[in-house]
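Examination of the molecular architecture
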Amino acid sequence: MTILSPARRRAAATAAAVCALAVALTACSGTTKDSAKKDTSKAGTAAKADPGAPLKKGLKLAFLPKQINNPYEKIVDEAGIAAAKEYGGTGKEVGPSDASASSQVSYINTLIQQRQDAILIAANDPNAVCGPLKQAMKKDIKVVAYDSDTAKDCRQLFINQASSEEIGRSLVQHLGEQIGYQGKIAILSATQNATNQNTWIEFMKDELKQPTYKNMQLVKVAYGDDADQKSFQQTQGLLQAYPDLKGIISPTTVGIAAAARYLSDSSYQGKVVLNGLGTPNQMRKYVKDGTVEQFSLWNPEELGYLGSYAAAALASGQITGAEGEKFKAGKLGEYTVGKDGEVILGEPTVFDKKNIDTFDF
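Keep in mind the model is a prediction, meaning the values are calculated, not measured.

About the criteria used
Residues numbered from 1 in each chain as written. Predicted model: local features only at pLDDT ≥ 70, side-chain atom pairs only at ≥ 80, totals over all residues. Heavy atoms only, no water. Core = buried A, V, L, I, M, F, W, Y, C linked by side-chain atoms within 4.5 Å. Buried < 20%, exposed > 50% of the residue type's maximum accessible area, 1.4 Å probe, protein only. Helix = DSSP H or I, 4+ residues; strand = E, 2+ residues; numbered from the N terminus. Contact = heavy atoms within 4.5 Å. Pairing = 2+ DSSP bridges. Right-handed = clockwise from strand over helix to strand, strands pointing away. Arc of directions from axis to C-beta. Axes fitted to C-alpha atoms, helices over the stretch in contact; angles between N-to-C directions. Parallel < 35°, antiparallel > 145°, perpendicular 65-115°, else oblique. Left-handed = near helix turned anticlockwise from the far one by under 90°.

Section: the nonpolar core
Trp 298 and Phe 327 are the most contacted members of the largest nonpolar core, which totals 78 residues. It is helix α10 (residues 300–315) that contributes the most residues to this core, 10 residues altogether. Residues contacting Trp 298, with those up to four places away along its chain left out, are Tyr 72, Asp 147, Gln 161, Ile 167, Trp 200, Leu 277, Leu 303, Leu 345, Pro 348, Thr 349 and Phe 361.

In structure tokens:
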């Protein structure tokens, strides 16, 4: 052990005091970008909005869909990437090939290492992604959920395609009208943990409690995991288990297209009503051949566009995610942040033979 002289002990004590003061101000061993930043892990708690701030140039955005090969989410993400070019930013899409609960975690960690300015995520599970997303926010990487939300404290904004209640209730209302409010029905969902699907299904179940639907019975909620072949097989299984099934609601673009494909080539075509959420380009032939009378969706291009501008507004300091804040989303105009950081795109569109050819996505 080395024994210091009194003079050296005094010098060491002085250096320690200086270092302690420096720590209070920045960091004794040197300031990094991270160490000087505040924890902005919750919307509006560590920053103040500057509505007049210009959108920063050179922003880097990453879109993380439920799965990389989902046609619907490809439309959303490509529109968001294109929007980034409008304000001088860049965007990219990365993600898993499957929609399991934890499949997105490793991608979030990589995006943190790459120091993206914003991560936009359609969550496969509301909680499985929370740990790394919170780490991202601590490093001042903005987090925007879109299409399928995370837990509220794991992001600053949620870009909701439409009111969740409106989506859930309207799907039941449409199907009820089509089957004369009588008979057994089933739901073909995506994954069991999908936030958006489960929220819509809860509103569907609540709607079915109304007296109007007293002669309708929900017999099963099946899960196709947003995989085409599994959704096809789940449709087949539903009709084998319930040959007197009158209708199926599939609130997922992968599920409704797979279910329509099965019905179109079966004895159930025209006998079992299929409704839900799909894209016009996927569903056009099934509408025209009579397999599907109608289905709904919002414009996925506008969803991605809005998400991109919302992330840019966050990263530029125009908003923090607090309720009541406003920002401009390019050609879509002005939007207001609602409760719990939710921004709603607008009302869904109902597609049928009369209007489907006017849409191309």
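Description of the pairing of strand β3 (residues 118–121)
Alternating positions in β3 separate into two faces, Ala 118 and Leu 120 on one and Ile 119 and Ile 121 on the other, with burial throughout. The pairing of strand β1 (residues 60–64) with β3 spans four bridges and is classified as parallel. Bridge pairing in β3 links Leu 61 to Ala 118. Bridging between β3 and strand β4 (residues 142–146) involves four bridges; their strand directions are parallel. By the bridge assignment, Ile 119 is partnered in β4 with Val 143. In terms of handedness, the path from β3 via helix α4 (residues 130–138) over to β4 forms a crossover that is right-handed.

A word on the pairing of strand β9 (residues 273–276)
Residues Val 273 and Asn 275 point to one face of β9 and Leu 274 and Gly 276 to the other, with burial holding for every one of them. Sheet analysis places strand β8 (residues 245–250) next to β9, joined by four bridges and oriented parallel. Of the residues in β9, the one forming a bridge with Ile 248 is Leu 274. Once you follow β8 into helix α8 (residues 253–264) and on to β9, the crossover reads as right-handed.

Brief notes about helix α3 (residues 105–113)
Buried within α3 are the following residues: Ile 108, Leu 111 and Ile 112. Buried residues along α3 cover an arc of 105 degrees about the axis, so they all sit on one side. Looking at the buried residues of α3, the elements they touch are β1, β2 (90–93), β3 and α4. Of the residues trailing α3, Arg 115 is marked for its positive phi of about 60 degrees.

So, the packing of helix α5 (residues 164–178) against helix α6 (residues 195–207)
Packing of α5 against α6 leaves a shortest axis separation of 8 Å and a crossing angle of 50 degrees. By the angle between their directions, the pair α5 and α6 is classed as oblique. Where α5 crosses over α6, the two elements pack in a sense that is right-handed. Residues Ser 164, Glu 165, Ile 167, Gly 168, Arg 169, Leu 171, Val 172 and Gln 173 of α5 form the contact with α6, whose own contacting residues are Thr 199, Trp 200, Phe 203, Met 204, Asp 206 and Glu 207.

A closer look at unusual backbone geometry
Although it is not a glycine, Tyr 181 adopts a positive phi angle of roughly 60 degrees. Looking at where Tyr 181 falls in the secondary structure, it is placed in the loop between α5 and β6 (183–189). Residue classification places Tyr 181 among the partly exposed residues on the basis of a relative accessible area of 27%. Of note in the backbone geometry, Asp 340 takes a positive phi value of approximately 60 degrees without being a glycine. Relative to the helices and strands, Asp 340 is located in the loop between β12 (334–336) and β13 (342–344). With a relative accessible area of 40%, Asp 340 lands in the partly exposed category.

Function cannot be read off these values alone, since they describe shape.
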